[in-house]
Amino acid sequence: MTKSNPSLLAYPQFPDPLTEKVIRELFTPTPDELRWVWHTSSVTEARLGLLCLLKSFPLLGRFPVPASIPASIANFLAQHAGLTVSTLAEYPKRTRLRHQVEIRRYLGVHAWSAAAAALATETMQRIVGGRAHFSDLINGAIETLIGAHYELPALSTLRRLA
């Protein structure tokens, strides 16, 4: 089997370049999402964090670390939602973890678990025979996990499973 080529991996990332048009298309919250954010959180800093995670999850299939969310996305969401804060520096970890549970429930997604790991492993074992690239195994697992509504693990976890 050929070694992994990062350019062949389908592991979701924030778009690069991240233009204003791309941000508008991918991150504009719907009125229902804004209502849900206001209902779920009452603290301004937490609302911004919740909104950033809510809008990032469908694109990435996982929750990004707040520091990895581009400032242009946080600024756009803060401005669009009428929030006075535009940084995620004051987003407490405990609140973020609680918000992740709420977002999974809202989006109908399951957390990464032993069942998800088994599904990823089974998928990789099923496709290993006919594929020459390590990246095909990871891409197949990503596609299967997303289709089964599982949160994606870190890329390093998928590499270990392959």
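Caption draft 1: Geometry of the overall build of the protein chain. From N to C terminus, the protein chain includes 8 helices and 0 strands. For the protein chain, the succession of helices and strands along the chain, N to C, is α-α-α-α-α-α-α-α. In terms of principal-axis extent, the alpha carbons of the protein chain reach across some 55 × 30 × 25 Å. In the protein chain, buried positions account for 43% of the 162 residues. Nonlocal contacts in the protein chain, meaning residues at least 24 apart in sequence, comprise 74% of its contacts between residues at least 6 apart.

Caption draft 2: Molecular detail of unusual backbone geometry. The omega torsion across Asp 16 and Pro 17 is 10°, close enough to zero to call that bond cis. Of note, Pro 17 is situated in the segment before helix H1 (20-27). Phi is positive for His 149, which is not a glycine, with a value near 65°. Within the secondary structure, His 149 sits in the loop between helix H7 (134-147) and helix H8 (155-161).

Caption draft 3: View of the pattern of salt bridges. By the definition in use, this model includes 5 salt bridges. Taking the shortest distance from any N to any O, the salt bridge between Glu 33 and Lys 55 comes out at 2.9 Å. Linking Glu 33 in helix H2 (residues 31-40) with Lys 55 in helix H3 (residues 44-60), this pair joins segments that are 22 residues apart in sequence. For Glu 33, a relative accessible area of 13% translates into the label buried.

Caption draft 4: Local environment of the nonpolar core. If you look at the biggest cluster of nonpolar residues, it comprises 28 residues, and the most contacted ones within it are Phe 27, Leu 48, Cys 52, Ile 69, Ile 73, Leu 77 and Ile 103. Elements supplying a minimum of two residues to this core: H1, H2, H3 and helix H4 (71-81). Considering every element that reaches this core, the biggest residue donor is H3, with 9 residues. In contact with Ile 103, other than residues within four places in its own chain, are Trp 36, Leu 50, Leu 53, Leu 54 and Phe 63.

Caption draft 5: Region of the structure containing the packing of H1 against H4. At a minimum axis distance of 11 Å, the contact between H1 and H4 shows a crossing angle of 60°. By the angle between their directions, the pair H1 and H4 is classed as oblique. Judged by the sense of rotation from one axis to the other, the crossing of H1 with H4 is right-handed. Residue-level inspection shows Ile 23, Arg 24 and Phe 27 of H1 in contact with H4, the latter providing Ser 72, Ile 73, Phe 76 and Leu 77.

Rules used throughout
Residues numbered from 1 in each chain as written. Predicted model: local features only at pLDDT ≥ 70, side-chain atom pairs only at ≥ 80, totals over all residues. Heavy atoms only, no water. Helix = DSSP H or I, 4+ residues; strand = E, 2+ residues; numbered from the N terminus. Buried < 20%, exposed > 50% of the residue type's maximum accessible area, 1.4 Å probe, protein only. Contact = heavy atoms within 4.5 Å. Salt bridge = Lys/Arg side-chain N within 4 Å of Asp/Glu carboxyl O. Core = buried A, V, L, I, M, F, W, Y, C linked by side-chain atoms within 4.5 Å. Axes fitted to C-alpha atoms, helices over the stretch in contact; angles between N-to-C directions. Parallel < 35°, antiparallel > 145°, perpendicular 65-115°, else oblique. Left-handed = near helix turned anticlockwise from the far one by under 90°.

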